[in-house]
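Survey of secondary and tertiary structure
For reference, the chains in residue letters:
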Amino acid sequence: TENKWTAPLDERSSLSTFAVDVDTASYANIRRMIREGQAIPKDSVRIEEMLNYFDYQYAQPTDKHPFAVHVDSSVSPWDANNRIVRIGIQGKEIVREDRPAANLVFLLDVSGSMSSPNKLPLLQQSMKYLLEELNENDTVSIVVYAGASGLALPATNVDEVGRQKILEKMNSLSAGGSTAGGQGIQLAYKQAQENFKKEGVNRIILATDGDFNVGVSDNASLTKMVKEKAKSGTYISVLGFGSGNINDAMLESITNNGNGNYNYIDTIKEGRKVLLEDMMGTMVTIAKDVKVQVEMNPNKVKAYRLIGYANRMLPPEAFLDKKVDAGEIGAGHTVTALYEIIPADGKPFGTEIDASRYFKKPETKPNPALKDSKEMMFVKLAYKEQDQKIEDESTYFTVPFVASDDGESSEDLSFATSVGLFGMVLRDSENKGSGDLAKVLSLAKAGKGADGKGADAGK
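Residues numbered from 1 in each chain as written. Predicted model: local features only at pLDDT ≥ 70, side-chain atom pairs only at ≥ 80, totals over all residues. Heavy atoms only, no water.

**Observations concerning the overall build of the protein**
Broken down by element type, the protein carries eleven helices and 16 strands. The C-alpha atoms of the protein give a radius of gyration of 23 Å, which matches the 23 Å a tight globule of 459 residues would have. Overall, the C-alpha framework of the protein stretches about 80 × 50 × 45 Å when taken along its three principal axes. The buried share of the protein, reckoned over its 459 residues, is 56%. Counted over contacts in the protein with a minimum sequence separation of 6, partners at least 24 positions apart contribute 80%. Carbon and sulfur atoms provide 51% of the accessible area of the protein, an area that totals close to 20300 Å². (Helix = DSSP H or I, 4+ residues; strand = E, 2+ residues; numbered from the N terminus. Rg over C-alpha atoms; globule rule 2.2 N^0.38 Å. Buried < 20%, exposed > 50% of the residue type's maximum accessible area, 1.4 Å probe, protein only. Contact = heavy atoms within 4.5 Å. Areas by Shrake-Rupley, 256 points an atom, 1.4 Å probe, with all protein chains shown as cover.)

**A few points about the pairing of strand β13 (residues 327-330)**
Taken residue by residue, a regular strand's side chains alternate between the two faces of the sheet. Of the two faces of β13, the one lined by G327 and I329 and the one lined by E328 and G330 are each fully buried. In this sheet, β13 lies alongside strand β10 (residues 285-296) in antiparallel orientation, the contact comprising three bridges. Paired with A287 across the bridge in β13 is I329. (Pairing = 2+ DSSP bridges.)

**Observations regarding the environment of L306**
Inspection of the secondary structure puts L306 in strand β11 (residues 301-307). Linking L306 and A39, residues 267 residues apart in sequence, is a C-alpha distance of 26 Å. Beyond its immediate chain neighbours, meaning those up to four positions away, L306 contacts N3, F18, M313, A337, L338 and Y339.

**As for helix α4 (residues 160-172)**
Between its first and last C-alpha, α4 extends 19 Å over 13 residues, near the 18 Å set by a 1.5 Å rise per residue. By the burial criterion, the buried members of α4 are G162, R163, I166, L167 and M170. Along the long axis of α4, the arc covered by the buried residues comes to 135°, so they all point the same way. Turned more than 90 degrees from where α4 packs its buried face, E160 and V161 sit exposed. (Expected span 1.5 Å × (residues − 1). Arc of directions from axis to C-beta.)

**Observations regarding the packing of aromatic side chains**
For any pair of aromatic rings, the description rests on two quantities: the centre-to-centre distance and the angle between the ring planes. Going through the model one piece at a time under the given rule, you end up with eleven aromatic pairs. Here the aromatic rings of F18 and Y309 are separated by 4.9 Å at their centres, their planes lie at 50°, and the arrangement is tilted. Of this pair, F18 sits in strand β1 (residues 15-19) while Y309 sits in the loop between β11 and β12 (313-314), and the two are 291 residues apart along the sequence. A single burial state applies to F18 and to Y309, both of which are buried. (Phe/Tyr/Trp six-rings, centres within 6.5 Å; stacked < 30°, edge-to-face > 60°.)

Next up, the structure:
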């Protein structure tokens, strides 16, 4: 679904609240479908994952918080009467040498459908990139599942001998049988618990092409399990492969509830990006239960809508509720959200109606309850440190935003709006205005610069 336009008419409707999301699977999956000449199903288009696939030029945090927040805006490229406001979150980078030790359990789908070259063989090729990131303080276990589940490799330290042992075991695996995913997950959590690193990273990495059709199989049972395990410090991430039977909704739900990330790997280049370039952020969580609440100023905002994040929305009271599970931010990760704003013009929002027979039209005069402020919005954030418990209080901080009138868009913002518009065009959104693929391309070219890693990285 898409978020609807909301007019900030009272305290409740002036608040927009959502949990952050750093998944990127939707963009890579869409790219694969385009390459294969397929039609793009609307449900596969999650605009927040498309936005977060790319790096942006956000400055690092300079204060006590583990991430920095940046807000900028421009005139909407698809409706000149509206504005786009971008909220960018930049997670603190961690020097590789300072990374805590990792206990990684690979949970590998070796069912018959994984035999295609773009599935298990691609994972085996990609694995060598991850091993470049690991060292002798880290351990890797491998659990496989198909007709039966089993421990293919007990916890192995990633020194020179161990690295070779892990590679040999990975390369020896072959695909065959049906998918007993539920049993595999239970065994993987058992293995993670037995090798738990109290001050380190404890993470299951599930690699699969689709459904769990034997064992614990429904979304509710799986998500309940991973949510419970996340409370004890073992998180789960998902690597999706292939096409046809991939259960996109289930895999996304697992990671949203298991304090993890959902990535889709369709090429060896994407394997390198996910398992090497982005792995520091995937492994090391610097802030959890990260929530954003944007307070709209009715004097400046007639109506607003958040582009994407529809399944990450929270009620207003969830922002101050310390027990609400929200999103995680990893080391160096960026999170990007776009709002489209209809500026206030003194007129009510919505289609004109006539009920004058029985009602008098209210006089339009300033609401005395509204405070005078130049701000368009007030951005509020809540998060917990990695080692905090569910009953611990969150940390809060705020960023006020006053929009400038020049409407100029930076290269970086231009690229972000191109990605947002691309998702709206693919979804055939009623809100895309004059937007089409030609405008997407024009915006993308205008914003195609060096990303945060100093390379084009797919832009």
